[in-house]
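# Inside the fold
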Amino acid sequence: MVLHALRIILAALCMAAAGAIAAADSGLPLPRFVSLKAGEVNARAGPGFRYPVNWVFLRKDMPVEVLEEFGQWRRVRDIENAGGWVHQRLLSGRRGVIVAGGEHVLYRDPDTSARLAARAEAGVQGRLLSCSGAWCHVDLAGHRGWMPRAHLWGVYDGETVE
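Residues numbered from 1 in each chain as written. Predicted model: local features only at pLDDT ≥ 70, side-chain atom pairs only at ≥ 80, totals over all residues. Heavy atoms only, no water.

## Observations regarding the pattern of salt bridges
Tallied over the entire structure, the rule returns 7 salt bridges. When the shortest N-O distance is used, the salt bridge between Glu69 and Arg32 registers 2.8 Å. Placement of the pair is Glu69 in strand E4 (residues 63-70) and Arg32 in strand E1 (residues 32-36), with a sequence separation of 37 residues. For the residue pair Glu69 and Arg32, the accessibility class agrees, reading buried in each case. Glu69 is the salt-bridge partner of Arg74, the closest N and O atoms lying 3.5 Å from each other. Here the residues in one salt-bridge network are Arg32, Glu69 and Arg74, joined through shared partners. (Salt bridge = Lys/Arg side-chain N within 4 Å of Asp/Glu carboxyl O. Helix = DSSP H or I, 4+ residues; strand = E, 2+ residues; numbered from the N terminus. Buried < 20%, exposed > 50% of the residue type's maximum accessible area, 1.4 Å probe, protein only.)

## As for the confidence of the model for the chain
When pLDDT is averaged along the chain, the result is 89, and 85% of the positions lie at 70 or above. Note on residues 2-24: pLDDT under 50 across the span, and 5 contacts to partners over four residues away in sequence or across chains. (pLDDT = per-residue confidence, 0-100. Contact = heavy atoms within 4.5 Å.)

Encoded structure:
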């Protein structure tokens, strides 16, 4: 009798897990970069409104990396590895970047011998317009130009963005 009850519980748990996995599959690759839709986004300890808020993101359009999915929830992290579970309606497919490391040059063309468009300090947030090869075309506070991919967080090595 106990063995039968354990089998039923185990079968129910397996079916619930399989349903959760299927429901979580958005069909989009993991990990991937997205951006925040709002200027205040709660990151929770788990995938649901019943979980406590662990972190609050305060920068609209900030890039975050989606690491995991569960239903309508996405586990995300920022450039400093802070994060948690965020509802998908607060995320956008629009791509953003953050200048990483020290101060870097934004060039008018994808070439280090090109004219300077601006200088950007670490932490400056902008929009990712495109990426190909070692260069990304970005908009940093209205200054458009090209920056080596290695100086940006929010785009993967070898990723092409059009």
